[in-house]
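Residue-level structure breakdown
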Amino acid sequence: MAEQEREQEHECEHVRVAVIGSGFGGLGAAVRLRREGITDFVVLERAESVGGTWRDNSYPGCACDVPSHLYSFSFAPNPEWPRTFSGQPHIRAYLESVADTFGLRPHIRLKHEVLMMRWDADELRWEIETSQGTLTADVVVSATGPLSDPKVPEIPGLEGFEGKVFHSAQWDHDYDLTGKRVAMIGTGASAIQIVPAIQPQVAKMTLFQRTAPWVMPRMDRKISGAERWLHEKVPATGAARRGFLWGIRELQVGAFTKHPDRLGLIERIGRSNIARSIKDPALRARLTPTYRIGCKRILLSSTYYPAIAKPNVDVVASGLKEIRGNVVVAADGTEAEVDVIIFGTGFHVTDMPIADRVVGADGITLAEAWKDGMESLRGATAAGFPNWMTIIGPNTGLGNSSMILMIESQLNYLADYMRQLNVLGGSAALNVRASAVGAWNRRVQERMKRTVWNTGGCTSWYLDANGRNTTIWPGTTGEFRAATREVNLGEYEVVRAPVREKEDA
Ligand SMILES: Cc1cc2nc3c(=O)[nH]c(=O)nc-3n(C[C@H](O)[C@H](O)[C@H](O)COP(=O)(O)OP(=O)(O)OC[C@H]3O[C@@H](n4cnc5c(N)ncnc54)[C@H](O)[C@@H]3O)c2cc1C
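Residues numbered from 1 in each chain as written. Predicted model: local features only at pLDDT ≥ 70, side-chain atom pairs only at ≥ 80, totals over all residues.

**Regarding the sheet that holds strand β14 (residues 327–330)**
Taking strand neighbours across the sheet as the criterion, the three strands line up as β13-β14-β15 in an open arrangement whose pairing is antiparallel. Strands at the two margins of the open sheet, each flanked by one partner only, are β13 (320–324) and β15 (335–337). Sheet twist, expressed as the average angle between the axes of neighbouring strands with direction ignored, equals 25°. Sheet topology note: the β14/β15 ladder contains three bridges and is antiparallel. (Pairing = 2+ DSSP bridges. Helix = DSSP H or I, 4+ residues; strand = E, 2+ residues; numbered from the N terminus. Axes fitted to C-alpha atoms, helices over the stretch in contact; angles between N-to-C directions.)

If you want it as structure tokens, here you go:
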């Protein structure tokens, strides 16, 4: 390639690191890069504000299932959390404050959707096409989130439905549900928060439940002024609280990963939670799960069953099959005429859309590389995609604790990755060896065999189309932290730019 051409190509902006996404992962990466002394980076965000999950999911009742003192950054404690399980507006405000406190705003490019990324092997950099132009970066940190692209099932007749339709992550706040007949599709984490929040307002709700979830009581309460004062004046008390919350969850992990038989004890609490509110034996039977607790995500609510017991709610123990005009029809033949359909049907988790937008060193997309299932080293790097790292990548999800712990471990890995690149010098990139990815995944899948997610007798969004669990981490968060403390260079090949022909120089 002639020098002139190359120069023209490089008129576009170049940065050391491009971070994609501004949720906990992207903002955390930005803070960590600054702490490492790296300021030559951008955060590309497709939306109009930061916040990721906690910006998009604003449905009534949206709140965290992990106590706030654990579901927040260790480096940005918030003594002001108002409740033990704070709601979406507070978590969103927390993320906005992180962006301000750590001086991230100058790096953030809102309304910049990443459309395509291509590895340029000549220049050892990523060419990134965004909705607002092209830039290049030595390193890409993809923090696009495992639960950021809503999934709506293909239902025959949906296009002909004349009422209102929306997904839980795209709530239409201008639409008044008062007096409406609602079909709520799904009984996952979002749906069980939405049902009690809107039940008093709607005329009728028909809840489509394919599989009953295990729902445990939610120990939510207001955090008193005295507690907040103490956490502010004596920060060690907030840290101790976080440590305690973390410790109990670490102790629970063994039951999920090695001894699912012990989870029977917890199922008793789940059954009594149903019995407390549901008096009708037929309904109780419909709501009682038939698989081991923990196999699907355990949900927390003290208001879900009381809401379901109300006369304006019908539970259909079947999935939605089709829509005829304004009538929703379940697979078991149950019909209901409705004004609104709300999909609480989750996200594209094992088929992340961003994977179609990354073209690696071999000219194939990450989605093609992952056609038999997602695979990475330590949840971060993928073979054939040099200097490309994902936050909350394959097998980093948790069944019982805070994802922020996993994100922070991955930030340690990112920091060391950047240090290693610096040591190698500007003209080098790291490409993880396929053998290292293979070895890591064999270990992960071996450990997965005994876990409740694989043996509990359910199907869940943790499993991909081939039935392989590519989402959950089968260990403690402490083990993951140890595994991501530093980059083992033996697991990577160092890639150098090809030597250019003389006439090209
Ligand atoms: C309703 C809900 C409740 C949850 N509750 C819990 C909980 O209780 N405990 C827990 O541990 N986890 C929970 N989670 C999981 C949660 O997703 C993670 O904890 C965490 O917030 C993920 O952060 P993230 O930054 O990786 O992704 P996200 O927060 O999803 O952020 C990804 C960002 O990337 C942006 N993006 C995506 N694609 C592009 C693109 N092509 N170009 C530019 N920008 C792009 C998105 O707009 C978004 O801002 C919940 C998730 C949901 C949806």
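**Quick look at the pairing of strand β4 (residues 114–120)**
With six bridges joining them, β4 and strand β5 (residues 125–130) adopt antiparallel strand pairing. Bridging across to β5, Asp120 finds its partner in Arg125. Hairpin connection of β4 to β5: four residues between the antiparallel strands, including Leu124 at a positive phi of 55°. Note that β4 and strand β17 (residues 358–359) share two bridges and pair parallel. If you follow Met117 over to β17, its bridge partner there is Val358.

**Quick notes on the sheet that holds strand β7 (residues 164–167)**
Strands pair in a sheet through their backbones, by hydrogen bonds, and they do so in one of two ways: parallel or antiparallel. Spatially, β7-β16-β8-β9-β12 is the arrangement adopted by the five strands of the open sheet, whose pairing is parallel. Whereas interior strands pair on both sides, the edge strands pair on one side only; in this sheet they are β7 and β12 (313–316). Pairs of neighbouring strands in the sheet enclose a mean axial angle of 15°, with direction left out of account. Pairing between β7 and strand β16 (residues 340–343): four bridges, direction parallel. The residue bridging Val165 from the neighbouring strand is Ile341, located in β16.

**Some words on the domain arrangement of the protein**
Size of an interface: often given as the accessible area lost when the parts come together. Entries for the protein in the domain assignment read domain 1 (2–149 + 348–496) and domain 2 (158–219 + 245–343). Look at where the C-alpha atoms of domain 1 and domain 2 centre, and you get two points 30 Å apart. Tallying the contact residues gives 32 residues for domain 1 and 31 residues for domain 2. Taken together, the elements giving at least two residues each to the side of domain 1 that touches domain 2 come down to α14 (452–455) and α15 (477–483). Tallying contributions element by element places α14 first for the side of domain 1 that touches domain 2, with three residues. Here the side of domain 1 that touches domain 2 is composed, by residue class, of eleven nonpolar, 17 polar and four charged. (Domains from an automatic or database assignment. Contact = placed C-beta atoms within 7 Å. Nonpolar A, V, L, I, M, F, W, Y, C, P; charged D, E, K, R; others polar.)

**Details of the nonpolar core**
Of all hydrophobic cores here, the largest spans 128 residues; its most connected members are Ala18, Val19, Val141, Met184 and Val195. Of the residues forming this core, the biggest block, ten residues, is contributed by helix α12 (residues 403–424). Counting contributing residues, this core receives three or more from each of domain 1 (2–149 + 348–496) and domain 2 (158–219 + 245–343). Contacts of Val19, omitting those with residues within four sequence positions, involve Gly26, Ala29, Ala30, Phe41, Val43, Val141 and Ala143. (Core = buried A, V, L, I, M, F, W, Y, C linked by C-beta atoms within 7 Å. Buried ≥ 20, exposed ≤ 12 C-beta atoms within 10 Å, placed from the backbone.)

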